[in-house]
Amino acid sequence: LPRARGGLDGAAVYVHTEGRAPVTRLKQIIAQHPHVAPHLPHGHDPLDHIYLVKTLDDPDGLWNVLASVAAVLRDPPGGALRPVRLIVVD
């Protein structure tokens, strides 16, 4: 969300460690959230600025993924206008 709506005006990195990426569940949460859902433009994919990263199920795999996340923080795919403001490790 933009800062004017109480958001961080940025992107997020979601690191998941088990199974498939929870895309369906994330879309459900976004669609139901009272601060987010009313402000989504029609046809907008709410996951456009959430970068999903799968890690292996061991600590070394997690460290490798976190190193790659550091590169995303230095040079975010959305550029300077959409910096990563949140990292979730699930």
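This one's a predicted model, so the numbers in the text were calculated from it and none came from an experiment.

1. Quick notes on the overall build of the protein
Step number 1: Scanning the protein for helices and strands turns up 2 helices and 3 strands.
Step number 2: Shown N-terminal to C-terminal, the secondary structure of the protein runs as helices and strands in the order β-α-β-α-β.
Step number 3: The dimensions of the protein, computed from C-alpha atoms along their principal axes, are 40 × 30 × 20 Å.
Step number 4: Sorting the 90 residues of the protein into buried and exposed places 22% on the buried side.
Step number 5: A sequence separation of at least 24 residues applies to 67% of the contacts in the protein between residues at least 6 apart.
Step number 6: Total accessible area computed for the protein in this model is approximately 6300 Å², and 56% of it derives from carbon and sulfur atoms.
Step number 7: Seen as two clouds, the 9 positive and the 9 negative side-chain charges of the protein have centres 10 Å apart.

2. Here's the deal with the nonpolar core
Step number 1: With 8 residues, the main nonpolar core is built from Ala11, Val13, Val15, Tyr51, Val53, Val65, Val69 and Val84.
Step number 2: The set of elements that each furnish at least two residues to this core consists of strand S1 (11–16), strand S2 (50–54) and helix H2 (59–74).
Step number 3: If you tally residues by element for this core, the top one is S1, at 3 residues.
Step number 4: Leaving out residues up to four positions away in the same chain, Val84 has contacts with Ala11, Ala12, Val13, Tyr51, Val72, Leu73 and Pro76.
Step number 5: In this structure, Tyr14, Leu26, Ile30 and Leu47 belong to the second largest nonpolar core, which totals 5 residues.

3. Overview of the side chain of His16
Step number 1: Mapped onto the elements, His16 comes out in strand S1.
Step number 2: The contact partners of His16, leaving out residues within four places of it in the chain, are Ala21, Pro22, Val53, Lys54, Thr55 and Asp90.

Conventions and cut-offs
Residues numbered from 1 in each chain as written. Predicted model: local features only at pLDDT ≥ 70, side-chain atom pairs only at ≥ 80, totals over all residues. Heavy atoms only, no water. Helix = DSSP H or I, 4+ residues; strand = E, 2+ residues; numbered from the N terminus. Buried < 20%, exposed > 50% of the residue type's maximum accessible area, 1.4 Å probe, protein only. Contact = heavy atoms within 4.5 Å. Areas by Shrake-Rupley, 256 points an atom, 1.4 Å probe, with all protein chains shown as cover. Lys, Arg positive; Asp, Glu negative; His and termini not counted. Charge placed at Lys NZ, Arg CZ, Asp CG, Glu CD. Core = buried A, V, L, I, M, F, W, Y, C linked by side-chain atoms within 4.5 Å.

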